[in-house]
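# Per-entry structural report
As a plain string of letters, each chain reads:
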Amino acid sequence: QLKETVYLDKLAVAGQMAAAIAHEVRNPMTTIRGMIQFLGSTTTDEKLKEHSPLLIEELDRTNKIITDYLSMVKPDVPKLERVELEKVLMDVISLTAPYGSINNVELTASEIGSYKVCIDEPKLKQGLMNIIKNGIEAIEEGGTIHLYPYKVTKRNITIAIEDNGKGMTEEELEQIGLPFYTTKAKGTGLGMMVTYKLIQDMGGKLRYESVLNEGTRVLLTLPLCTKSSGLVDEGVE
Ligand code: ADP
Ligand code: MG
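Residues numbered from 1 in each chain as written. Chains lettered and ligands numbered in written order. Predicted model: local features only at pLDDT ≥ 70, side-chain atom pairs only at ≥ 80, totals over all residues.

### A word on the site of ligand 1
Lining the immediate environment of ligand 1, one finds 23 residues, of which Asn134, Ala138, Thr182, Gly187 and Gly191 sit closest. Of all the elements in the fold, those that place two or more residues in the shell around ligand 1 are helix H4 (121–138) and helix H6 (191–201). Here the shell around ligand 1 takes 4 residues from H4, the largest share from any one element. When the residues that make up the shell around ligand 1 are grouped by side-chain class, the tally is 7 nonpolar, 12 polar and 4 charged. (Near = placed C-beta within 6 Å. Helix = DSSP H or I, 4+ residues; strand = E, 2+ residues; numbered from the N terminus. Nonpolar A, V, L, I, M, F, W, Y, C, P; charged D, E, K, R; others polar.)

The following block contains the structure:
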């Protein structure tokens, strides 16, 4: 018991340090980004004009790596709330639909039903967005991502997020979620690692099923609100 406490304390210190360093690094990065944007749009130098968007893109990617890494190491206790699942899913669909449409991917959902889950809403949204973005990026020439209720038990509800993208081999499937595992030229390989942790920390589960060249189904299991979770009928209303 004691050992665990000490370990957690150290993790907390490491997390705070990482957060502080990330913050310090981000400030000058913001300055650099602004300067490049300014120079790129005002210069008459063709080379600078041509390359400045790439510089900005790379800076944004660096920033995303810091954000993803931070959500991994920051010991951030999830704030569980009683939330209408369907509403969260609809919000996430509206948030990701524009990215879908520029990639020719339609996002659809079956009726979910009126289920209350006991989760951390911002964290669940972040995780779902990572899952859906991956689905969009796996679809090469247009397709669909479909969300539907997969299974309901006394304690849990499982939602499927299914894409008809390029799918994964068994080897690829095994590596998903490992730090820095990516098959994309501009991937960070941190999205699923972060997502697994977010979902796990709120008592949920994530499973992947995939058929190469056919598509992928992500099964997301979330805890329903029960009496013992203390969140029934005294919810936020
Ligand atoms: P990134 O998106 O930056 O590559 P992720 O951790 O989000 O990092 O995903 C890791 C890898 O898992 C991806 O590069 C991709 O190869 C694979 N992957 C994730 N989701 C899917 C999916 N829906 N279909 C096919 N491959 C996927
Ligand atoms: Mg990703």
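### As for the packing of H4 against H6
Their axes nearest at 9 Å, the elements H4 and H6 cross at an angle of 145°. Relative to H6, H4 is oriented so that their crossing is left-handed. In this structure, H4 contributes Lys123, Gln126, Gly127, Asn130, Ile131 and Asn134 to the contact, and H6 contributes Gly191, Met192, Val194, Thr195, Leu198 and Ile199. Split by residue class, the contact of H4 with H6 holds 5 nonpolar, 6 polar and 1 charged. (Axes fitted to C-alpha atoms, helices over the stretch in contact; angles between N-to-C directions. Left-handed = near helix turned anticlockwise from the far one by under 90°. Contact = placed C-beta atoms within 7 Å.)

### Quick look at helix H2 (residues 46–73)
For H2, built from 28 residues, the straight-helix expectation of 40 Å at 1.5 Å per residue is met to within 8% by its first-to-last C-alpha distance of 42 Å. The sharpest bend along H2 measures roughly 35° and falls at Ser52, with the proline Pro53 sitting one to four residues further on. (Expected span 1.5 Å × (residues − 1). Bend = angle between axes of the 7 residues up to and from the residue.)

### A look at the packing of H2 against H6
Closest axis-to-axis distance for the H2/H6 pair is 9 Å, and the angle between their directions is 30°. In terms of orientation, H2 lies roughly parallel with respect to H6. As H2 packs across H6, the resulting crossing turns out to be left-handed. On the side of H2, the interface is formed by Asp68, Ser71 and Met72, while H6 contributes Gly191, Met193, Val194 and Lys197. The class makeup of the residues in the contact of H2 with H6 is 3 nonpolar, 2 polar and 2 charged. (Parallel < 35°, antiparallel > 145°, perpendicular 65-115°, else oblique.)

### Description of helix H3 (residues 85–102)
Counted at 1.5 Å a residue, the expected span for H3 with its 18 residues is 26 Å, and the 27 Å between its end C-alpha atoms agrees. Helix geometry: H3 is bent most strongly at Thr96, by close to 40°, with proline Pro98 lying one to four residues after it. Within H3 the residues assigned to the buried category are Leu85, Leu89, Val92, Thr96 and Gly100. Looking at the buried positions of H3, the neighbouring elements they touch are strand E1 (81–84), strand E2 (105–109), strand E3 (116–119), H4, strand E4 (143–152) and strand E5 (156–163). Just past H3, the residue Asn104 takes up positive phi, approximately 65°. (Buried ≥ 20, exposed ≤ 12 C-beta atoms within 10 Å, placed from the backbone.)

### As for the nonpolar core
Val117, Ile119, Ile132 and Ile161 are the most contacted members of the largest nonpolar core, which totals 35 residues. Listing elements by their share of this core, those giving two or more residues are H3, E2, E3, H4, E4, E5, H6 and strand E7 (215–223). Sort the elements by how many residues they give to this core and H4 lands first, with 6 residues. In contact with Ile132, not counting residues within four places along its chain, are Val92, Thr96, Ile145 and Ile161. (Core = buried A, V, L, I, M, F, W, Y, C linked by C-beta atoms within 7 Å.)

### Observations regarding the confidence of the model for the protein chain
On average, residues of the protein chain score 89 in pLDDT, and 89% of them reach the 70 mark or higher. In the model, residues 232–237 has pLDDT below 50 throughout and makes 6 contacts with residues more than four positions away in sequence or in other chains. Here the predicted complex carries an ipTM of 0.99, next to a pTM of 0.81. (pLDDT = per-residue confidence, 0-100.)

### Brief notes about the environment of Tyr181
Note that Tyr181 resides in the loop between helix H5 (170–175) and H6. Residue class for Tyr181 comes out partly exposed when judged on the 16 C-beta atoms lying within 10 Å of it. Between the alpha carbons of Tyr181 and Gln200 there is a distance of 19 Å; along the sequence they are 19 residues apart. Here Tyr181 is in contact with Gln175, Ile176 and Gly189, once residues within four sequence places are set aside.

### Details of the sheet that holds E7
Ordered in space as E2-E4-E5-E7-E6, the 5 strands form an open sheet in which the pairing is mixed. Two strands lie at the open edges of the sheet, namely E2 and strand E6 (205–211), each paired on one side alone. Neighbour-to-neighbour, the strand axes of the sheet open up by a mean angle of 20°, direction not taken into account. Pairing geometry for E6 and E7, over 7 bridges, is antiparallel. Among the inter-strand pairings, Glu209 is bridged to a residue of E7, identified as Arg217. Of the strands in this sheet, E2, E4 and E5 touch H3, which is tilted by about 170° from E2. Across the sheet, H4 lies against E2, E4, E5 and E7, angled at about 25° from E5, the strand it touches most. (Pairing = 2+ DSSP bridges.)

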